[in-house]
Each structure stands twice: as C-alpha cells, then as structure tokens.
Amino acid sequence: ANAIYRHNHPGTVHWQRNITGITAKEINNLRPDILLMSPPCQPHTRQGKRQDKQDPRSEALQHILNLIPQIQSLKYVLLENVQGFESSEARSDFIRTLKDNGFQVCEFLINPTQIGIPNSRLRYYGLGRRSSQSLGLPENLQEDFSILKVSLVALQNSFIVGKLEKFLQKDVNEEYLLSDKILLKYNKILDIVTSGSERSCCFTKAYGQYFEGTGSVLQQCGDLDAAYARIQPLENEDNEILETLASLKLRLFTGLEIAKLLGFPASFDFPEESSRKQQYRTLGNSLNVNVVAILIHFLLLS
C-alpha cells in the first residue's frame, strides 16, 4: 500500500511509521486542519472475533483519539470503517472525544449503490466539525444520502454511474480467466455479473484467492441460465461441466477495473512490481473515493 501510494503521489510527504509512535508535537508541526482516517476494521468485522477495543489493532485509533485534544489547529475529522463499527466501544470513544473537544458530529451508514455506482461497499462514516455554534446536524445515524443532496449534486459529474461496461478494460489478458480447478470447486457459489449489470459485490482483500463473498466475477459471453441448467444434473462429469462453463468465459475483474469502481482517478496506476495479489489486497482494504468526496464536501460546507 505504501509503495502504491508513493508511486501515485511522488511529491507528497509520506511517513511509513507505526501510528502509535507519532507524537502531538510532530502533528502540530504540520498544523493540520482536517484529519481523515480509516483505522483497522478487523476488530469490528462480522466475520472476525469482534474484540473491539481489546483487539491490539485498535491501539492506533485510541492513540489518535488521545492526541486530538492537543491538536488545536484541527477543524474537521472524517473516519471510515466497516458496518458494525457503529455499535462498538471504539465508536463511543470516537464520538465522545470529538464532542468533548468542541466538534459537532454526524454519522452515516451508506452504500455507493444508493447513488448509482454499481459496486456495493456499505460503510460507516463518522464526521466531526469544530464549531461553537449549532450546525443543525442530525444526531441519529443517517442510512442514505438525503442530507447530502447539495454535495451530491455539486459532485455528480465527477463520478460514473450505471452499468459495469463503463468500468471495464478492453482486451484483458486471459490469465484473468477462472481456472478449471476454480470452476469445478466454486461454480455453485460464484457471484456472476455481466457488462450490462448495474451491481457487483464488495471486493475484499481475499479476492482471487477465495470465491465466496469476496467479490463478483465477470461473464463475458454465453447464456448463464442455460449453462447452469445443463450442468445441474451432472455429477462426476468434470469434462462436460468444464466445457459448458468455459463457454461463459468467466474472469476476475482486474485491479484497475476495481479501482475505477472505487472512484480512483484515470491517472491512478499500480507500480510495475506490484503483483495481482498485492493489488487485490490493497483494493480490498480501500474505500470508495466518490462517497468520501461527497462527505468531505458536506463536511466543509455544512
């Protein structure tokens, strides 16, 4: 992730350090007015143990929360995390820290599919703006983009909505086709979409290694219903099953296609040395840029 960031932002100051080692003095030297953070999600994921603050990976967030009272230049805060964070002890600490330091708070649990982006990524967002006057922000968790309409309209021409065909690369290498082994083992649980689909599943860091709940695969040709009707009664007839499924030309999405679905700019690229596995892992830990842009616009102008 650090190498990819440096590759795309060579002129940006970049600290490759453990966050728990950063001091208030170092941050104050930068005089930041906005703090954007996406702390580790593992303590809060539904698939994990949900150890919350007891998980050592929560230490970075707790450290930042301890520093916030000492950063007087800070005016805005935005935190992103997985669904489940909204009911955690860590979230309670986050909200309490902001309110104790003069921030007004607004929380969201929203999905890019709600604004026409064909990729699901339901996430929690906590926003804080330091102000001595009431901003009239709602205190309850917002589960749609209703109060973001002004920001949504202002930025709607900067992101792509509609069918997946708008996000796909041409002439993708055949190395992205699903192998015979994967087709035989996982054909019953694959989430299959086409270029005409207006949805795709959330891509996780395990995409390309595991195939249940890690992201969609693309059907490039053939009749999906007919193919699955044909293989349904077949047992221990691997050759016929493979021949039928091969007609669909099922493949993985490329890293750049996923990046585009996440709202990364056209200028974004991966360093030549990054492997496909590294690309998927980094993207799986990423966020939807367009949703965050809308929230930042709202945060700055609210």
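These remarks concern the structure in this document. What you see is a predicted model, and the numbers here were worked out from it, not measured in a lab. (Residues numbered from 1 in each chain as written. Predicted model: local features only at pLDDT ≥ 70, side-chain atom pairs only at ≥ 80, totals over all residues. Heavy atoms only, no water.)

1. Considerations on the pattern of salt bridges
To keep it simple, the criterion reads: Here a salt bridge means any side-chain nitrogen of Lys or Arg lying within 4 Å of a carboxyl oxygen belonging to Asp or Glu. Numbering of helices and strands runs from the N terminus, with a helix taken as a DSSP run of H or I at least four residues long and a strand as a DSSP run of E at least two residues long. The rule is simple: take the accessible area with a 1.4 Å probe, protein chains only, and divide by the maximum for that residue type; under 20% is buried, over 50% is exposed, in between is partly exposed.
Per the counting criterion, the structure on display carries seven salt bridges. Close ionic contact of arginine 123 with glutamate 80 constitutes a salt bridge, the shortest N to O distance being 3.5 Å. Placement of the pair is arginine 123 in strand β4 (residues 123-130) and glutamate 80 in strand β2 (residues 76-82), with a sequence separation of 43 residues. Neither residue differs from the other here; arginine 123 and glutamate 80 are each classed as buried. For the salt bridge of glutamate 257 with arginine 251, the shortest nitrogen-to-oxygen distance reads 2.9 Å. Classification of arginine 251 by relative accessible area gives buried; the value is 3%.

2. Re the environment of arginine 31
Looking at the secondary structure, you find arginine 31 in the loop between α2 (24-30) and β1 (34-37). Sequence separation between arginine 31 and glutamate 257 is 226 residues; the distance between their C-alpha atoms is 36 Å.

3. Description of the sheet that holds β2
Put simply, the rule reads: Any two strands are treated as partners once DSSP identifies two or more bridges connecting them. The axes are straight lines fitted to the C-alpha atoms, using for helices just the contacting stretch, and the angles between their N-to-C directions are given from 0 to 180°. Contacts are residue-level and defined by heavy atoms, with any inter-residue pair within 4.5 Å sufficient.
Strand order in the open sheet formed by four strands is β1-β2-β4-β3, with mixed pairing between adjacent strands. Of all the strands in the sheet, the pair left with one neighbour each is β1 and β3 (103-110). Direction aside, neighbouring strands of the sheet carry axes that sit 10° apart on average. Set on the sheet, helix α4 (residues 89-100) makes contact with β1, β2, β3 and β4; between it and β3 the angle comes to about 150°.

4. A word on the pairing of β3
Across the eight residues of β3, eight count as buried, placing the element largely inside the fold. By the alternation rule, side chains of β3 split into Phe103, Val105, Glu107 and Leu109 and Gln104, Cys106, Phe108 and Ile110, which are all buried. Summarising the sheet, β3 and β4 pair through eight bridges and their orientation is antiparallel. Its bridge partner being in β4, phenylalanine 103 is matched across the sheet by arginine 130.

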